[in-house]
Amino acid sequence: MMTSENHDIFFSPTKGKKITSLRRRPNLPILIVEDLEENQMLLAGICDQMQVAYKIANNGQEALDLCAKEAFSVFLVDLMMPVMDGKTFIKIIKEKIPDSVILVQTALDGSEQIIEIMRMGVYDYIIKPLNMELFRQTLEQSLEYRYLRNIEKRLLLDESKELRDQLEWLNYKETSRKTSNNSIEMNSIFNLKTTLSQGSGFGSMTTIIDSIKSMLTPSENGYYKIDKELFDLLLENNHHTKSMIRGLEHAVLQLDKKFHLLPIRSSEIIQEIPNITSQLETHIHNKGLKMNMPIFKGNMTLSADISSLKIVLKELLLNAIKYSPPNSNIDVFVTLAEGYFCLSIKNKIIDDSYGNIPTDIQKNLILPFFRVHPPVEEVHEDEPFSLGLGLTIVDYIANKHHGMFFIRNATDHTSEETCLCVIAELFLPIQSSIKGKP
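What you see is a predicted model; the values in this text were computed from it and never measured.

Caption draft 1: Expanded view of the overall build of the chain. Along the chain, the regular secondary structure elements total twelve helices and 16 strands. Burial statistics for the chain: of 438 residues in total, 50% are counted as buried. When contacts within the chain are restricted to residue pairs at least 6 apart in sequence, long-range pairs at least 24 apart make up 71% of them.

Caption draft 2: Examining a nonpolar patch on the surface more closely. A contiguous nonpolar patch, built from L216, Y224, I226, F231 and L235 and spanning about 460 Å² of accessible area, is present on the exposed surface. Relative accessible area serves as the criterion here: at 36%, F231 is assigned to the partly exposed category.

Caption draft 3: Expanded view of the confidence of the model for the chain. Mean pLDDT over the chain works out to 76, with 70% of the residues at or above the 70 mark. When the criterion is pLDDT under 50, residues 1-22 qualifies, and its contacts beyond four places in sequence or with other chains add up to 70 contacts. Per-residue pLDDT stays below 50 along residues 177-186; that stretch engages in two contacts with residues further than four places along the chain or on separate chains.

Caption draft 4: Layout of unusual backbone geometry. For the bond running from K128 to P129, omega is -5°, close enough to zero to count as cis. Relative to the elements of secondary structure, P129 occurs in the loop between β7 (124-127) and α5 (132-179). Backbone geometry places N327, a non-glycine residue, at a positive phi of 60°. Here N327 shows up in the loop between α11 (306-323) and β13 (329-337). Here H402, not a glycine, exhibits a phi torsion of approximately 60°, which is positive.

Caption draft 5: Focus on the packing of aromatic side chains. Counting across every chain of the model gives seven aromatic pairs. Arranged with centres 6.2 Å apart and planes meeting at 75°, the rings of F296 and F341 form a pair that is edge-to-face. Taken as a pair, F296 in the loop between β11 (290-292) and β12 (300-304) and F341 in strand β14 (residues 340-348) lie far apart in primary sequence, 45 residues in all. According to the relative accessible area criterion, F296 is partly exposed, its value standing at 23%. Through a chain of ring-to-ring contacts, three or more aromatic side chains come together here, namely F72, F75 and F89.

Caption draft 6: Expanded view of the environment of Y145. Topologically, Y145 is positioned in helix α5. In this structure, Y145 is in contact with V101, Y123 and I295, ignoring residues within four places of it in sequence.

Caption draft 7: Spotlight on the nonpolar core. Counting 43 residues, the largest nonpolar core has I269, L316, L317, L343, I345 and F405 as the members making the most contacts within it. Ranked by residues supplied to this core, first place goes to α11 with nine residues. Non-local contacts of L317, meaning those with residues more than four positions away in its chain, are made with I273, I276, T277, L280, M291, V332 and I345.

Caption draft 8: Region of the structure containing the environment of K314. Position of K314 among the secondary structure elements: in helix α11. With 69 residues separating them along the chain, K314 and E383 place their C-alpha atoms 8.3 Å apart.

Caption draft 9: Expanded view of the pattern of salt bridges. A full pass over the atoms with the stated rule returns twelve salt bridges. With a shortest N-O distance of 2.7 Å, K55 and E70 are connected by a salt bridge. Residue K55 is found in strand β4 (residues 54-57), and its partner E70 is found in the loop between α2 (60-69) and β5 (74-78); the two are separated by 15 residues along the sequence. Its relative accessible area of 26% is what places E70 among the partly exposed residues. Of the charged contacts, one joins E272 and K310 as a salt bridge, the two residues approaching to 3.9 Å between their closest N and O atoms. Of this pair, E272 sits in helix α9 (residues 266-279) while K310 sits in helix α11, and the two are 38 residues apart along the sequence.

Caption draft 10: Focus on empty space enclosed by the protein. Scanning the model with the defined rule gives two cavities of 30 Å³ or more in all. Estimated volume of the second largest cavity: approximately 50 Å³. At the level of secondary structure, the elements contributing two or more residues to the lining of the second largest cavity comprise α5 and β13. Residues that form the lining of the second largest cavity fall into these classes: six nonpolar, one polar and three charged.

Caption draft 11: Just the pairing of β14, in detail. With respect to burial, β14 is a largely interior element, nine of its nine residues being buried. On β14, burial covers both faces: Y340, C342, S344, K346 and K348 on one face and F341, L343, I345 and N347 on the other are all buried. Here β13 runs beside β14; their pairing, made up of eight bridges, is antiparallel. Bridging across to β14, T335 finds its partner in C342.

Caption draft 12: How the structure looks around the sheet that holds strand β3 (residues 30-33). Judged by pairing direction, the sheet is parallel, and its five strands sit side by side in the order β4-β3-β5-β6-β7 without closing on themselves. In this open sheet, the two strands that pair with only one neighbour each are β4 and β7. Mean inter-strand twist for the sheet, computed between neighbouring axes without regard to direction, equals 20°. As paired elements, strand β6 (residues 101-106) and β7 share four bridges and run parallel to each other. Considered in β7, the bridge of V104 is made with Y125. Together, β3, β4, β5 and β6 form the strand contacts of helix α1 (residues 37-50), whose direction differs from that of β4 by roughly 170°.

Caption draft 13: Up close: α2. Within α2, the full set of buried residues consists of G60, A63, L64, L66 and C67. Considered in projection along α2, the buried side chains sweep an arc of 160° and stay on one side of the axis. For α2, exposure combined with an orientation more than 90 degrees from the buried face picks out A68 and K69. Structurally, the start of α2 carries an N-cap: the backbone nitrogen of Q61 is 3.0 Å from a side-chain oxygen of N59.

The rules behind these values
Residues numbered from 1 in each chain as written. Predicted model: local features only at pLDDT ≥ 70, side-chain atom pairs only at ≥ 80, totals over all residues. Heavy atoms only, no water. Helix = DSSP H or I, 4+ residues; strand = E, 2+ residues; numbered from the N terminus. Buried < 20%, exposed > 50% of the residue type's maximum accessible area, 1.4 Å probe, protein only. Contact = heavy atoms within 4.5 Å. Patch = residues over 30% accessible without salt bridge, like charges linked within 9 Å, V, L, I, M, F, W, Y side chains within 5 Å. Areas by Shrake-Rupley, 256 points an atom, 1.4 Å probe, with all protein chains shown as cover. Salt bridge = Lys/Arg side-chain N within 4 Å of Asp/Glu carboxyl O. pLDDT = per-residue confidence, 0-100. Phe/Tyr/Trp six-rings, centres within 6.5 Å; stacked < 30°, edge-to-face > 60°. Core = buried A, V, L, I, M, F, W, Y, C linked by side-chain atoms within 4.5 Å. 1 Å grid on protein atoms, 1.4 Å probe; cavity = no way out; pocket = protein on both sides within 12 Å on 5 of 7 lines; lining within 4 Å. Points joined across faces, edges and corners; volume = space filled by probe spheres on them. Nonpolar A, V, L, I, M, F, W, Y, C, P; charged D, E, K, R; others polar. Pairing = 2+ DSSP bridges. Axes fitted to C-alpha atoms, helices over the stretch in contact; angles between N-to-C directions. Arc of directions from axis to C-beta. Polar contact = N/O pair within 3.5 Å; in protein donor to acceptor, adjacent residues only side chain to side chain.

Next comes the structure, spelled out in structure tokens:
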């Protein structure tokens, strides 16, 4: 459900330089709640420069009346107004829309006043008189925050449906296993044959050896002369083949492993994401990707083997990196759905790219050795597994945690343009919520 990015070009009046930013915004207007006409004109002018749609309310009551008729992405609220002041409006709107994103304008810059403002649940505050550049940055950040929260809400709705579908699929898969004992085994053998024929490694090596054999020229001293280019290719594919074998050995170790499920905080899992991302920084940098970490303040008790979950996270993050188009975003979300802690990794794809997963085979992706497309050679050194076993092991580890995994296509409708993306979702059962500091 990832939206297309809009590249917004505007001019900075303070520096006179052209600035290009990767813009990700919701498609709803902001609401400016301000009573002074000169301030309304100033804020409206800035919004026009930033190409941000807006509406204006002269006080809190007028703003509430507008909210009853339509929705807004961000509220830009002045505190001192007639009829209904900013604090009263914020209190009411937070009761009506708990996740509303609010920016406060205030001339009060004392620490006590600022703390009081932030306790109202606002996103940020802006001190008057306005610093134009700082205001633009803050407004842009609040719009992106709203955008991400919108995706998070849509994910939660989709996850509930997908969870029910997945349970039905698991029941069907178990029934199929009991009624047709050879089907899974036969599919795995067919998938392995296809996988070994794709990309570098075993398939290419046999082709190269055949080519070398057909071109061998015996020399007088009993040695063969081999074309250097072909021999270099043979060495390169030998390296890939060793990586495949290492990945296969790694998969076997996971299948033989005894899982020790211990109580763990969900925050400990979330904290591992930046650590694993740093291990993949070279691939992220080479493709110009932006990683967006989860926004999640809750803290659940899960029962988990953290070392195995690290392997899952690396496999899923690397999978998103492989199939993301250059200069795009990868979003990591955490939501709660029907008693499960759900971690979702979402990457944009191009409709005809290798990243696209045809709907009729999405559930086959967890089968051993199954691949939709040839491997991405650039990342084989960092892949935890090989031969199309990555998502099989992810699904296996999820099951060992009494959880579930699935991966699917989705279409994002949260912005002006719709686009295709892939969402990988790991569901882990919640044991309990943890009270206190998140």
